[in-house]
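What follows is the residue order along each chain.
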Amino acid sequence: MNGNFNLEDLDLFSQAYVQGAPEIWKELREQCPVARSVSDGGGWLPTKYEDIAAVAYDTKSFSSRDVGVAATPDGTSVLVAPPITSDPPFHADVRRMLLPFFSPKAVAEMADGTRLIARELLDQIDPTSVVDIAEEYARHIPVRVIGSMLGLPKEDSQMFTEWAVDILQSHPDEWDRRNRATKDILDYFAELSRARRLEPQDDLVSKLHAEVLPNGDSLTDKHVIGTCFLLLLAGMDTTWSSISSSLLHLAKYSDDRKRLLVDPSLIPTATEEFLRAYAPVTMARVVTEDAEIGGRAVKPGDKVFLPFGASNRDPEMFDDPDHIVIDRQENRHFAFGIGIHRCLGSNLARMELVIAIEEWLERFPNFSVAENEEVSWGGTQIRGPRFVPTIIH
Ligand code: HEM
């Protein structure tokens, strides 16, 4: 067992876990398979697909009212963002309303704009120095794409990235940092929501104000603000992490990179494998009634963590799961979650990922991880490479 772990005392925020989660899940799966984390309020960590799926499907015993992995001082969620923090029956109405914005057709219309964003970022990269793919390329694509959907000025994107990092990647002890960023984001969206309600434009915020719920009510400002907040947070660190891990893989494994250069039509299939192998998201649930997970009794109020990446590495679900096969044929992975909360933005995320990889390979076909520099991973709720020092050949 990894020296920093014992099955009854995991620290999900430790560097050992953040850097090496897949290896730790493997050990836990073989030994527990439902581990207990005692750090930061504590909670249960199932590591087999079967147990993770059972929790995700059982919305009665496991509520989404607090999906944050980091505990909050008073046990309430910092994220009030329908539909991700909603339970049935309210969840379905809110989700249904958002679906058209993320349909394959709506996403296809955003592809050209995304390609332009990628090219603009590539233009700014100096290929003669060490390039940090995560910082200089990957992190900017999702925030600009969602920003343009919401109608945010481009110059605000840096501020949004910083807020999202403060909320999703800070250590649980840094409560003030999370709280401040949340307040700043909500204030920003409150202003935006009010402005668009008074003077609608051709953006998602204005369209949300025009929506009507099945009971005939319009959306409140609070609802619109919460939805903007969710889209920004759900779409940013996740996609940033996935673009970074995909390009890190291609920097490390030149055979896979060369294969994609010879046959770019394989990029969408390879993207699915990167999503499977490097799935970034862990969500939480709150136990609402006495229940069991994989034979372990859990009590109302307990937190449960759902590491979807662990489902993707479960040998009962995938052949040779730790081996990354860029043309894997059977690949119904769980990077986008399981059950009613399955990712609403998966079409958008896939489009961004494929375009980010295509454009990078087109501009810089030959690249590798810089020697003498260490790649680092960050995040527990949204885990991904945060420093990818790269040499362009
Ligand atoms: C590679 C990128 C992404 C990954 C891996 C990912 C993953 C996930 C996962 C695992 C969930 C399930 C949450 C749960 O069970 O509690 C989820 C939900 C969600 N995601 Fe994504 N996501 C990505 C990108 C996006 C993007 C780009 C957007 C939109 C801008 C988005 C919007 C949402 C929304 C709105 C939900 C909540 C759906 C619901 O509660 O019904 N995601 N995502």
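The text that follows walks through the structure, step by step, so that each part is easy to find.

What counts, and where the lines are drawn
- Residues numbered from 1 in each chain as written.
- Predicted model: local features only at pLDDT ≥ 70, side-chain atom pairs only at ≥ 80, totals over all residues.
- Near = placed C-beta within 6 Å.
- Helix = DSSP H or I, 4+ residues; strand = E, 2+ residues; numbered from the N terminus.
- Nonpolar A, V, L, I, M, F, W, Y, C, P; charged D, E, K, R; others polar.
- Pairing = 2+ DSSP bridges.
- Buried ≥ 20, exposed ≤ 12 C-beta atoms within 10 Å, placed from the backbone.
- Axes fitted to C-alpha atoms, helices over the stretch in contact; angles between N-to-C directions.
- Left-handed = near helix turned anticlockwise from the far one by under 90°.
- Contact = placed C-beta atoms within 7 Å.
- Core = buried A, V, L, I, M, F, W, Y, C linked by C-beta atoms within 7 Å.

**Concerning the site of the ligand**
Logical step 1: Around the ligand, the surrounding shell holds 27 residues, and the nearest of these are Gly235, Thr238, Gly337, Cys343 and Gly345.
Logical step 2: Of all elements in the fold, only α11 (221–252) and α15 (346–363) reach the threshold of two or more residues within the shell around the ligand.
Logical step 3: For the shell around the ligand, the element with the most residues is α11, which contributes seven residues.
Logical step 4: By residue class, the composition of the shell around the ligand is 18 nonpolar, eight polar and one charged.

**Some details on the sheet that holds strand β4 (residues 131–132)**
Within a beta sheet, neighbouring strands are joined by backbone hydrogen bonds and run either parallel or antiparallel to one another.
Logical step 1: Here we have three strands laid out as an open sheet, ordered β4-β12-β9, and antiparallel in their pairing. The open sheet has two free edges, formed respectively by β4 and β9 (367–369), since each of these has just one partner strand.
Logical step 2: Inspection of the sheet shows β9 paired to strand β12 (residues 389–392) by three bridges, in the antiparallel sense. By the bridge assignment, Phe367 is partnered in β12 with Ile392.

**Here's the deal with helix α7 (residues 140–150)**
Logical step 1: Within α7, 10 of the 11 residues are buried, leaving the element largely enclosed by the surrounding structure.
Logical step 2: Two residues or fewer after α7 comes Gly151, characterised by a positive phi angle close to 85°.

**Re the pairing of strand β8 (residues 303–307)**
Logical step 1: Most of β8 is tucked away: five of the five residues are buried.
Logical step 2: A two-sided burial pattern is seen for β8, the buried positions comprising Lys303, Phe305 and Pro307 on one face and Val304 and Leu306 on the other.
Logical step 3: Where strand β5 (residues 282–287) lies against β8, five bridges are found, and the strand directions are antiparallel. Bridged to Arg285 within β8 is Val304.

**Points about the packing of helix α13 (residues 267–277) against α15**
Logical step 1: With their axes 10 Å apart at the nearest point, α13 and α15 run at an angle of 115° to one another. Considering the relative orientation of α13 and α15, their crossing is right-handed. Packed against α13, whose contacting residues are Ile267, Pro268 and Thr271, the element α15 presents Arg350, Leu353, Val354, Ile357 and Glu358 at the interface.
Logical step 2: Residue composition of the contact of α13 with α15, by class: five nonpolar, one polar and two charged.

**Examining the nonpolar core**
Logical step 1: Counting residues in hydrophobic clusters, the biggest one holds 58 residues, and the most contacted among them are Ala138, Cys228, Phe229, Leu232, Leu247 and Ala356.
Logical step 2: Looking at this core, the elements with two or more residues in it are α5 (111–123), α6 (133–138), α7, α8 (157–168), α9 (175–198), α10 (204–210), α11 and α15.
Logical step 3: By residue number, the principal contributor to this core is α11, which donates 16 residues.
Logical step 4: In this view, Leu232 contacts Ile146, Phe160 and Ala164; residues no more than four positions away in its chain are not counted.
Logical step 5: Trp44, Leu45, Val304 and Ala310 belong to the second largest nonpolar core, which has 44 residues in total.

**Quick notes on unusual backbone geometry**
Leave glycine aside and you will find that most residues have negative phi; peptide bonds, for their part, are mostly trans.
Logical step 1: Note the cis peptide between Cys32 and Pro33, where omega equals 0°.
Logical step 2: Note that Pro33 resides in the loop between α1 (15–31) and β1 (34–37).
Logical step 3: That bond from Pro88 to Pro89 is cis: its omega, 0°, falls within 30 degrees of zero.
Logical step 4: Mapped onto the elements, Pro89 comes out in the loop between β3 (62–63) and α3 (90–98).
Logical step 5: If you check the backbone angles, Asp320 has positive phi at about 45° while not being a glycine.
Logical step 6: By the element assignment, Asp320 lies in the loop between α14 (308–312) and α15.
Logical step 7: Judged by local crowding, Asp320 falls into the exposed class, with 9 C-beta atoms found within 10 Å.

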